[in-house]
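# Report on the structure
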Amino acid sequence: RIDTRKVGFDAIIFHLPRSGSTAVAKAAAKLDNTRCFFEPRALNDFLSPQYATYNTNNEHLKKLLALFLGGQLNKTTRTVIKLSSWSTLHISRYRHVLKTTPFFFVCRDPVQVLVQILERPTGWMEKPVRKALQREVMLDGNSQVLQYTAAILKLFIKEVLTLEWKPTIIEHKTLREDTLKTFRTE
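Below is a summary of the structure that appears in this document. Owing to the predicted nature of the structure, the values given are computational and were not obtained by experimental measurement.

### Thoughts on the sheet that holds strand 4 (residues 103-107)
Each strand in a sheet pairs with its neighbour through backbone hydrogen bonds, running either in the same direction (parallel) or in the opposite one (antiparallel). Pairing in this open sheet of five strands is parallel, and the strands run 2-3-1-4-5 from one edge to the other. Unpaired on one side and paired on the other, strand 2 (34-38) and strand 5 (168-171) mark the two borders of the sheet. On average, each strand axis in the sheet is tilted by 20° relative to the strand beside it, whichever way the strands run. Pairing analysis gives five bridges linking strand 2 to strand 3 (residues 78-82), with the strands arranged parallel. Residue pairing in the sheet places C36 in a bridge with V80 of strand 3. The strands touched by helix 1 (residues 21-29) within the sheet are strand 1 (11-15), strand 2, strand 3, strand 4 and strand 5, with strand 2 carrying the most contacts at an inclination of about 155°.

Okay, here's the thing in structure tokens:
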């Protein structure tokens, strides 16, 4: 039996792809008594579009998240999770489950992100994830890479902007300063 009454983390990091989120997570992991999970496969697979036919309700998400807290050695250990970029599409579900957890959103100029993605594609550009996400943004299977990528980036940003309780923004252009300021105050 998993106790989900007190599921909460010290930080959850959402991000645009190729925005510097790994650097932010590595900085958080260097803090004393802090452990950081980097894009945990269990969370990636749980809400992945390719598994959308399975019932993934918020209570199941909460139980899965509770497992990451189960191994805490003591109450002073801080736990941070850096999710994969496409997890930003589910930021409202995470907020519903983790009402008091600080959320961070690492962002970068979308044009720079687009250029980086075209040079080094992300996982959500590959099948079967791409096929599922193309349906979500109402593109047909013949859409161009540029059109698809721009539509997904727009959807990421829309999800963050429509979230009732806004995450703390960490900008790529001031990544070091924003990261230091953010985690010093946490």
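Past the structure itself, the notes keep going.
### Structural notes on the pairing of strand 3
Most of strand 3 sits out of view: four of its five residues are buried. Two elements, strand 1 and strand 3, share three bridges in a ladder whose sense is parallel. Among the inter-strand pairings, I12 is bridged to a residue of strand 3, identified as I81.

### Points about a nonpolar patch on the surface
Where nonpolar side chains cluster on the molecular surface, the patch consists of L118, V145 and L146 and spans about 240 Å² of accessible area. Positionally, V145 belongs in helix 7 (residues 145-162).

### Some words on the packing of helix 6 (residues 129-136) against helix 7
Taken N-terminus to C-terminus, the directions of helix 6 and helix 7 make an angle of 65°; their axes are 10 Å apart at the nearest point. Looking at the two axes, helix 6 sits roughly perpendicular to helix 7. Taken as a pair, helix 6 and helix 7 cross one another with a handedness that is left-handed. Of helix 7, the residues touching helix 6 (which contributes V129, R130, L133, Q134 and E136) are V145, Y148, I152 and L155. Across the contact of helix 6 with helix 7, the residue classes break down as six nonpolar, one polar and two charged.

### As for the nonpolar core
L43, L65, Y94 and W124 are the most contacted members of the largest nonpolar core, which has 38 residues in total. Secondary-structure elements contributing two or more residues to this core are strand 1, helix 2 (41-46), helix 3 (58-69), helix 4 (91-97), strand 4, helix 5 (110-119), helix 6 and helix 7. The leading source of residues in this core is helix 7, at six residues. Ignoring any residue separated from it by four or fewer positions in sequence, one finds Y94 in contact with F14, L43, L47, L61, L65, L83, S87 and F103.

### Description of the packing of helix 5 against helix 7
Relative to each other, helix 5 and helix 7 sit at 135°, their axes nearing to 11 Å. On the basis of the axis angle, helix 5 is oblique to helix 7. Here the hand of the crossing between helix 5 and helix 7 comes out right-handed. On helix 7, the residues that touch P110, V113, L114, I117 and L118 of helix 5 are V145, L146, T149, A150, L153 and I157. The residue makeup of the contact of helix 5 with helix 7, split by class, is ten nonpolar, one polar and no charged.

### Things to note about helix 1
Taken as a whole, helix 1 has its buried residues at S21, V24, A25 and A28. Projection of helix 1 onto a plane perpendicular to its axis shows the buried side chains occupying an angular sector of 95°, all on one side.

### A closer look at the environment of T174
Within the secondary structure, T174 sits in the loop between strand 5 and helix 8 (175-185). The class of T174 is partly exposed, set by a relative accessible area of 28%. Spatially, the C-alpha atom of T174 lies 9.8 Å from that of R108, the residues being 66 residues apart in sequence.

Conventions adopted
Every chain is numbered on its own, with residues counted from 1 as its sequence reads. Reporting of local features is limited, given that this is a predicted model, to residues whose pLDDT is at least 70; pairs of side-chain atoms are given and counted only at 80 or more, and all residues count toward the totals for whole chains, interfaces and linings. Hydrogen atoms and water are omitted, and side-chain values are computed over all heavy atoms in the structure. What makes two strands pair is DSSP finding at least two bridges between them. By the criteria applied, helices consist of DSSP H or I runs no shorter than four residues and strands consist of E runs no shorter than two, each listed in order from the N terminus. Axis geometry follows a simple rule: fit a line to the C-alpha atoms, using only the stretch in contact for helices, then measure angles between N-to-C directions, giving values from 0 to 180 degrees. Here a residue-residue contact requires only that any non-hydrogen atoms of the pair lie within 4.5 Å. For each residue, the accessible area found with a 1.4 Å probe, counting protein chains only, is set against the maximum for its type, and the residue is called buried under 20%, exposed over 50%, and partly exposed in between. Note that patches include only residues with greater than 30% relative accessible area and no salt bridge, and the join distances are 9 Å for like charges and 5 Å for nonpolar side chains (Val, Leu, Ile, Met, Phe, Trp, Tyr). Computed by Shrake-Rupley with a 1.4 Å probe, the accessible areas treat only the displayed protein chains as cover when residues are assessed. We define a salt bridge as a contact between a side-chain nitrogen of Lys or Arg and a carboxyl oxygen of Asp or Glu at a distance within 4 Å. Throughout, the term roughly parallel applies to angles under 35 degrees, roughly antiparallel to angles over 145, roughly perpendicular to angles from 65 to 115, and oblique to all others. Each crossing is labelled by how the near helix is turned from the far one, with a counterclockwise turn of less than a right angle marking it left-handed and a clockwise turn marking it right-handed. Gly is put with the polar residues, along with every residue not named as nonpolar or charged; the nonpolar set is Ala, Val, Leu, Ile, Met, Phe, Trp, Tyr, Cys and Pro, and the charged set is Asp, Glu, Lys and Arg. Among buried residues, those of type Ala, Val, Leu, Ile, Met, Phe, Trp, Tyr and Cys that are joined through side-chain atoms within 4.5 Å constitute a nonpolar core. Working definition: the arc comes from the directions between the helix axis and the C-beta atoms, pointing outward to the latter.

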